[in-house]
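Residues per chain, in single letters:
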Amino acid sequence: MGCIGSSQARNEGGARRKKIKKPKPWAHTEPITRAQLMNMREEFWDTSPHYGGQREIWDALRAAAEAELTLAQTIIDSAGVIVQTRDLTLCWDERGARYELPRYVLSEPTNLIREQEQ
């Protein structure tokens, strides 16, 4: 029996599942604009099924990456994703396929160029 604030809980099969969290702050190798960040994200998600794994899991990971933390946890749990790192950078599916997510699809870099409003 765990305490209420425990970072792990048990899923229906009795296996431990990790509670996800926001990624740690990070900086891109060079400052980028929001438009560049969005292009990088789109390119990753467009090509992600080619890295292996199931399309449904990639779709769930994308939905979780773009959602608020509570909803993201529900999506991950419902899809049966096994979280190895709590920030979602490394996950597995129930068949053992590995899913690696770059930090730029999970959060904004600290050196994001804020575009001036016109």
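For the structure, see preceding data.
Residues numbered from 1 in each chain as written. Predicted model: local features only at pLDDT ≥ 70, side-chain atom pairs only at ≥ 80, totals over all residues. Heavy atoms only, no water.

Draft legend 1. Looking closely at the sheet that holds strand β5 (residues 90–92). Taking strand neighbours across the sheet as the criterion, the three strands line up as β4-β5-β6 in an open arrangement whose pairing is antiparallel. Edge positions in the sheet fall to β4 (82–83) and β6 (98–100), since each has one partner strand and no second. Pairing between β4 and β5: two bridges, direction antiparallel. Paired with V83 across the two strands is C91, which belongs to β5. (Pairing = 2+ DSSP bridges. Helix = DSSP H or I, 4+ residues; strand = E, 2+ residues; numbered from the N terminus.)

Draft legend 2. Quick peek at unusual backbone geometry. Unlike most non-glycine residues, L88 shows phi in positive territory, near 75°. Under the relative-accessibility criterion, L88 is labelled buried at 4%. (Buried < 20%, exposed > 50% of the residue type's maximum accessible area, 1.4 Å probe, protein only.)

Draft legend 3. Structural context of the side chain of T89. Tracing the sequence through the fold places T89 in the loop between β4 and β5. In terms of polar contacts, T89 uses its side chain to reach the side chain of T85, at 2.9 Å. Here the side chain of T89 touches D87 through a polar contact of 2.8 Å, side chain to side chain. Those residues within four positions of T89 in sequence are excluded, and the remaining contacts are Y99, E100, L101, R103 and L106. (Polar contact = N/O pair within 3.5 Å; in protein donor to acceptor, adjacent residues only side chain to side chain. Contact = heavy atoms within 4.5 Å.)

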